[in-house]
Amino acid sequence: MSENTDTNDLNQDVLRLYSSSGHEFVLSRKMSYVSGTIKSMLSGDNSNFMEDQNNEIRFREISTPVLEKVIQYFYFKHKYTNSTTDLPEFPINEKVVVDLLLAAHFLDS
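Residues numbered from 1 in each chain as written. Predicted model: local features only at pLDDT ≥ 70, side-chain atom pairs only at ≥ 80, totals over all residues. Heavy atoms only, no water.

Where an unreviewed UniProt entry is consulted, the chain appears under the name Elongin-C, with the organism given as Dictyostelium purpureum. In its Subcellular location (unreviewed entry) section, the UniProt record describing the chain reads: "Nucleus". Looking at the Sequence similarities (unreviewed entry) heading of the UniProt record, one finds this comment for the chain: "Belongs to the SKP1 family." (UniProt positions renumbered as here; feature names shortened; annotations may be inferred.)

Below, the structure written as structure tokens:
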């Protein structure tokens, strides 16, 4: 397999999310599928969403701390789905609770 093919495969698995202030978060596309909204934007071979073609999504209304917590939840949810162990508490800072609820609603997660 050529190096160029490996790079393209890696780029297809990576998604960049940007907060309202422009902070970039890089994560696996698979992790982002916890969000129904993101999954809809990125799924399908014939997706016409620019976000799917560019492997990046800009959230103009989601702050950096809130988007960071959302991404942490994606990984938490992925790790503990179908787990037979007790779930640890998912810590949330009281200062971002309302904004986090709004983002979770928008992202369908």
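**Remarks on the packing of helix α5 (residues 64-80) against helix α6 (residues 97-107)**
For any two helices packed against each other, one specifies the crossing angle of their axes together with the interaxial distance. Interhelical geometry of α5 versus α6 gives an angle of 55° and a closest axis separation of 10 Å. Overall, the two elements α5 and α6 adopt an arrangement that is oblique. Crossing geometry of α5 relative to α6 is assigned as right-handed. Contact residues: V66, K69 and V70 in α5; D99, L100, A103 and L107 in α6. Each residue belonging to the contact of α5 with α6 can be placed in one class, and the counts come to five nonpolar, no polar and two charged. (Axes fitted to C-alpha atoms, helices over the stretch in contact; angles between N-to-C directions. Helix = DSSP H or I, 4+ residues; strand = E, 2+ residues; numbered from the N terminus. Parallel < 35°, antiparallel > 145°, perpendicular 65-115°, else oblique. Left-handed = near helix turned anticlockwise from the far one by under 90°. Contact = heavy atoms within 4.5 Å. Nonpolar A, V, L, I, M, F, W, Y, C, P; charged D, E, K, R; others polar.)

**A look at the nonpolar core**
In terms of nonpolar packing, the biggest core is built from 20 residues, with L17, I38 and F59 touching the most fellow members. If you list the elements that add at least two residues to this core, you get β1 (14-18), β2 (24-28), α3 (36-42), α5 and α6. Per-element tally for this core: the top contributor is α5, with five residues. Not counting the four nearest positions on each side in its chain, L17 is found in contact with H23, E24, F25, L27, I57, F59, L67 and I71. (Core = buried A, V, L, I, M, F, W, Y, C linked by side-chain atoms within 4.5 Å. Buried < 20%, exposed > 50% of the residue type's maximum accessible area, 1.4 Å probe, protein only.)

**Focus on the layout of surface pockets**
Put simply, the largest pocket is a space of about 200 Å³. Looking at the lining of the largest pocket, the elements with two or more residues in it are α5 and α6. When residues in the lining of the largest pocket are grouped by element, the largest group, four residues, is from α6. As a volume, the second largest pocket reaches approximately 160 Å³. For the lining of the second largest pocket, the secondary structure elements donating two or more residues are α4 (50-54) and β3 (56-58). Looking at the lining of the second largest pocket residue by residue, the classes come out as two nonpolar, one polar and four charged. (1 Å grid on protein atoms, 1.4 Å probe; cavity = no way out; pocket = protein on both sides within 12 Å on 5 of 7 lines; lining within 4 Å. Points joined across faces, edges and corners; volume = space filled by probe spheres on them.)

**Re a nonpolar patch on the surface**
Taken together, I92, V97, V98, L101 and L102 make up a surface patch of nonpolar side chains, about 470 Å² in accessible area. Residue placement: I92 occurs in the loop between α5 and α6. The exposure class of I92 is partly exposed, given its relative accessible area of 42%. (Patch = residues over 30% accessible without salt bridge, like charges linked within 9 Å, V, L, I, M, F, W, Y side chains within 5 Å. Areas by Shrake-Rupley, 256 points an atom, 1.4 Å probe, with all protein chains shown as cover. Salt bridge = Lys/Arg side-chain N within 4 Å of Asp/Glu carboxyl O.)

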